[in-house]
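# Structural characterization, general
The residues making up each chain are set out below.
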Amino acid sequence: MSDWFEDLPIEVVKGGKKKELPDFKFNWRSGGIIGLIALFLLVLIVFQPWFTVGPGEVGVVLRLGKMNRIVSPGFHFRLPRPIETVYTPNIRLQRRVEIGFRSNSNNPGATSRDVAAESIMLTGDENIIVAKMIIQYKIADPAKYLFNIYDVENTLTDISEAALRQVIGDYPIESALTGQRDQLQIEIQKIIEEISDQYEIGLLIDQVQLQETHAPDPVEPAFADVFNAREDQARIEREAEAYQNKEMPKAEGAVRKILQEAASYSAERIAKSKGEVERFSAILKEYENAPQVTRQRLYLETMEKVLANKSKVIVDSDDGLLKLLNVTPNDLGLPTSLDRKESN
Amino acid sequence: MKSQIGLIIAGVVALFIFIVIISSAFIITEVDQAIIIQLGRPVRVIAGDSAFTDKVELKKSVEEYSSQSNSNVKLSFGAGLYFKIPFLQQIEYFEDRILESDADPARITTGDQKRIVVDSFARWHIANPLKFRQTLVNMPTALNRLDNIIRSELRNRLGECNFIEIIRSTNQLLDTKIEIPEQKKVSIKIGRSKIMEDVTKVCRKTAKDFGIYIIDVRIKRADPPEQNMNAIYENMKAERDRIAEKYRAEGARQATFITANTDRQVKIMRAEAERDAQIIMGQADAEAARIYARGFIKDVTGQPPIQIHGFESDPEFFRFTRSLEALEKSIDNNTSLILNTNSDLLQFMKSPMSGINN
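Residues numbered from 1 in each chain as written. Chains lettered and ligands numbered in written order. Predicted model: local features only at pLDDT ≥ 70, side-chain atom pairs only at ≥ 80, totals over all residues.

## Comments concerning the overall build of chain B
Secondary structure summary: chain B contains 9 helices and 13 strands in total. Relative to its 358 residues, chain B shows a buried fraction of 27%. Long-range contacts, defined here as pairs at least 24 residues apart, represent 68% of the contacts in chain B between residues at least 6 apart. (Helix = DSSP H or I, 4+ residues; strand = E, 2+ residues; numbered from the N terminus. Buried ≥ 20, exposed ≤ 12 C-beta atoms within 10 Å, placed from the backbone. Contact = placed C-beta atoms within 7 Å.)

## Brief notes about the overall build of chain A
Per the secondary structure count, chain A includes 12 helices and 12 strands. For chain A, the residues scored as buried account for 25% of the 344 residues in total. Sequence-distant contacts in chain A: of pairs separated by 6 or more residues, those separated by 24 or more amount to 66%.

## Here's the deal with the interface of chain B and chain A
Listed by partner, the interface residues are 97 residues for chain B and 97 residues for chain A. Looking at the side of chain B that touches chain A, the elements that each hand over two or more residues are strand E1 (25-28), strand E5 (80-83), strand E7 (99-101), strand E9 (115-126), strand E10 (212-223), helix H7 (229-294), helix H8 (315-330) and strand E13 (337-340) of chain B. Here the side of chain B that touches chain A gets 35 residues from one element, more than from any other, and that element is H7(B). In the side of chain B that touches chain A, the residues fall into 48 nonpolar, 24 polar and 25 charged. Where strand E12 (residues 312-315) of chain A lies against E13(B), 4 bridges are found, and the strand directions are parallel. Across the sheet, residue Lys312(A) finds its bridge partner in E13(B), namely Leu337(B). (Nonpolar A, V, L, I, M, F, W, Y, C, P; charged D, E, K, R; others polar. Pairing = 2+ DSSP bridges.)

## Notes on the sheet that holds strand E3 (residues 66-71) of chain A
All names here are of chain A. As summarised here, the arrangement of the 3 strands in space is E3-E2-E5, forming an open sheet in which the pairing is antiparallel. Strands with a single pairing partner mark the edges of an open sheet, and in this sheet they are E3 and strand E5 (84-87). When strand polarity is set aside, the average angle formed by the axes of neighbouring strands in this sheet is 25°. (Axes fitted to C-alpha atoms, helices over the stretch in contact; angles between N-to-C directions.)

## Some words on the packing of helix H4 (residues 139-160) of chain B against helix H6 (residues 192-208) of chain B
Residues and elements named next belong to chain B. Viewed as axis vectors pointing N to C, H4 and H6 meet at an angle of 140°, and their least axial separation amounts to 10 Å. Between H4 and H6, the angle is such that the two are oblique. Where H4 crosses over H6, the handedness of that crossing is right-handed. Along the contact surface, H4 presents Leu-146, Ile-149, Ile-150, Glu-153, Leu-154 and Arg-157, while H6 presents Ile-195, Asp-198, Val-199, Val-202, Cys-203, Thr-206 and Ala-207. (Parallel < 35°, antiparallel > 145°, perpendicular 65-115°, else oblique. Left-handed = near helix turned anticlockwise from the far one by under 90°.)

## What about the confidence of the model for chain B?
Residue and element names in this part refer to chain B. The pLDDT averaged across chain B works out to 89; a share of 98% of its residues lies at or above 70. By mean pLDDT, helix H9 (residues 347-350) is the weakest element of chain B at 75, and H6 is the strongest at 95. The complex prediction reports pTM at 0.70, with the ipTM value standing at 0.74. (pLDDT = per-residue confidence, 0-100.)

## Brief notes about the sheet that holds strand E6 (residues 89-95) of chain B
Residue and element names in this part refer to chain B. Judged by pairing direction, the sheet is mixed, and its 4 strands sit side by side in the order E4-E3-E2-E6 without closing on themselves. Looking at strand neighbours, the two that pair on one side only are strand E4 (74-77) and E6, the edges of this open sheet. When strand polarity is set aside, the average angle formed by the axes of neighbouring strands in this sheet is 20°. Two strands pair when backbone bridges link them, and strand E2 (residues 32-38) and E6 are joined in this way by 7 bridges, in the antiparallel orientation. Within the sheet, the bridge partner assigned to Ile-37 lies in E6 and is Gln-90. On top of the sheet, helix H2 (residues 55-69) reaches strand E3 (41-47) and E4; it is set at about 160° to E4, its chief contact.

## What to know about the environment of Thr206(B)
All names here are of chain B. Within the element layout of this structure, Thr-206 appears in helix H6. Note on Thr-206: 18 C-beta atoms within 10 Å, which makes it partly exposed. Note: C-alpha distance between Thr-206 and Glu-153 (53 residues apart in sequence) is 9.9 Å.

## Description of the packing of helix H9 (residues 220-289) of chain A against H8(B)
At a closest axis distance of 11 Å, the pairing of H9(A) and H8(B) adopts a crossing angle of 115°. For the element pair H9(A) / H8(B), the angle class is roughly perpendicular. Crossing angle aside, the handedness with which H9(A) passes H8(B) is right-handed. Between H9(A) and H8(B), the residues in contact are Phe280(A), Ile283(A), Leu284(A) and Tyr287(A) and Phe317(B), Phe318(B) and Thr321(B), respectively. Split by residue class, the contact of H9(A) with H8(B) holds 6 nonpolar, 1 polar and no charged.

## What about the pairing of E2(B)?
Residues and elements named next belong to chain B. For E2, the buried fraction is high: 5 of the 7 residues fall into the buried class. Of the pairings in the sheet, the one linking E2 to E3 comprises 5 bridges and is antiparallel in character. Residue pairing for E3: Ile-35 is matched across the bridge by Val-45. Counting the residues that bridge the hairpin from E2 to E3 gives 2 residues, and of these Leu-39 lies at a positive phi of roughly 50°.

## So, H2(B)
With 15 residues, H2(B) should cover 21 Å at 1.5 Å per step; its first-to-last C-alpha distance of 21 Å lies within 8% of that length. With its phi angle positive at about 60°, Asn70(B) sits one or two positions after the end of H2(B). (Expected span 1.5 Å × (residues − 1).)

## Overview of helix H8 (residues 181-199) of chain A
All names here are of chain A. End to end, H8 covers 27 Å across 19 residues, agreeing with the expected 27 Å (1.5 Å per residue, within 8%). All of the buried residues in H8 are Leu-184, Glu-187, Ile-188, Ile-192, Ile-195, Ser-196 and Tyr-199. At the C-terminal side of H8, Glu-200 shows a positive phi close to 55°.

## So, unusual backbone geometry
What you tend to see is this: most non-glycine residues have negative phi, and most peptide bonds are trans. All names here are of chain B. At Leu-39, a residue that is not glycine, the phi angle is positive and equals roughly 50°. Its location among the elements puts Leu-39 in the loop between E2 and E3. Even without being glycine, Asn-70 reaches a positive phi, approximately 60°. Here Asn-70 is to be found in the loop between H2 and E4.

## Section: the confidence of the model for chain A
When pLDDT drops low, the exact placement of atoms in the prediction is not to be read closely. Considering every residue of chain A, the mean pLDDT works out to 84; 83% of them sit at 70 or more. Taken together, the stretch residues 336-344 of chain A has pLDDT below 50 and engages in 6 contacts with residues farther than four places along the chain or on a different chain.

See the structure below:
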């Protein structure tokens, strides 16, 4: 092996100098062209004076380190490498920063991992809340994005965390838990955008999403009880309203009944009076025609009606009554009229 | 052979020239700044084009350095191709991008003697590479120094402030419709935003001596330490219990109000109805009495109206007929009657001819 190594270069040198020199001269032209083409290809391969920009990307070209041009997707030429360098950031890609948790980017369905240090914070009324947030963003200005900030994503995370805590710290816990989440999101986004502008970070904040906000585990039952209490309040009030809804129509019905009864009493009373008066008027007319007989007749008819079917004791003379009362004061209903007559 | 040696010499010279050119030319990109050092002394400053570099001030600073050190330091701005003397001069690169400083959380006692753990971060930029190189030499020293500056200023400033000033930025909490316990409705005078601005200003001034421009210092977290958490949780629980109790009491109060109001209204409605009924009946009674006394005009459609006479037209006859009626009504089937034969009715029982002889 070592022999073969030592011998080989000597042979090549010896053979090359004496025998192949004329051949080289003979093939100068054709060989030169081939050589030039080969050299040209070599230069192309080594320096690669072209580049492609993929869909959604932009090509940012630096010439001698200085920003020269920004090109759109497609095939482009450039000067060889030390002179021009190219960056191709994707400006369409929706990027995201997560605060308080990290989702598994390889497996979107998997449960995310909580980052308690980021998610537990103080509210304006000195309560503690667990709040998580997602910020979605895109590259808006590729030059600023590439050349202004050392670590863009980490910077955005810092800004977002500060903004989240600043806003949560400005509101009572209730706002963050339920009512004013939209407003909080808007405020957080405003602060993130303000700071981003200050840094000239070159990003567009698409969306700030407050994820779950809840009370910390140790006090969760107390918060749940407040919720229940609110339900209880509503229920008790509903029950009272139901009572009201039941009682009011009932009372209205009673009122209507009372008034109707009064109305029917009135109608009856007047009708009755009219009837009686009409009857009286009719009899009066008769009476005026024959006063004596009519008077007698009325009297007798009435007495006839009164005395019919009633137990009676007929006493002859005035003192008979006294006798009768002395004998049987308690037996007035007994049919003893015959006896009495006989005794008389 | 001679020509070959000449060729080799020519090649070596060409190579040497090439190496000289290569090693003397260098590129400063958009993210770099640099200082060219010759035998340990800076001779040229290439500063970045960043918005955070005050060019006028930097120029003044470089001129000042030149006159002090009795040398001529050149200054240029921006990325591009630059040259230096090979071997004799070295380049030192510095970042032209915004850098971060994220110190470990610091335990701080606030003005109202509450202990908090504050985690802050800062963003900064090398505004004066020459000063930076002179005072701090390299990045690790710079970061260390920045930590110290920021941490001590935070400690000073937060130590003067009440806890709530560090948590809140505005007083909008006081205007919220959500109910908050009175003792927590504290009006703040400074607030977190303002504190951060103040800290930034002071730190910026200090860091300027190191060629650094501090863009901002921000409080990321300001939380009570772990061991204080339980006390806060206890407070939260008590507050929630109170709120829950209030909701229930409010519900009961409202329900009682509705129920009582309903009962009252029902009573009023009934009473009013009774009153109206009495009025209606009274009017009817009056009307009836009038009709009894004076009669009425009977007006049947299709016939001429007739005057019906009331009882008043013959009071004596009314007394007679009404007495008879009363008599008839007051005597029912269970009544026993004792009649005297002397009565008008029975007078014919004894003497059928009575009256005629009279």
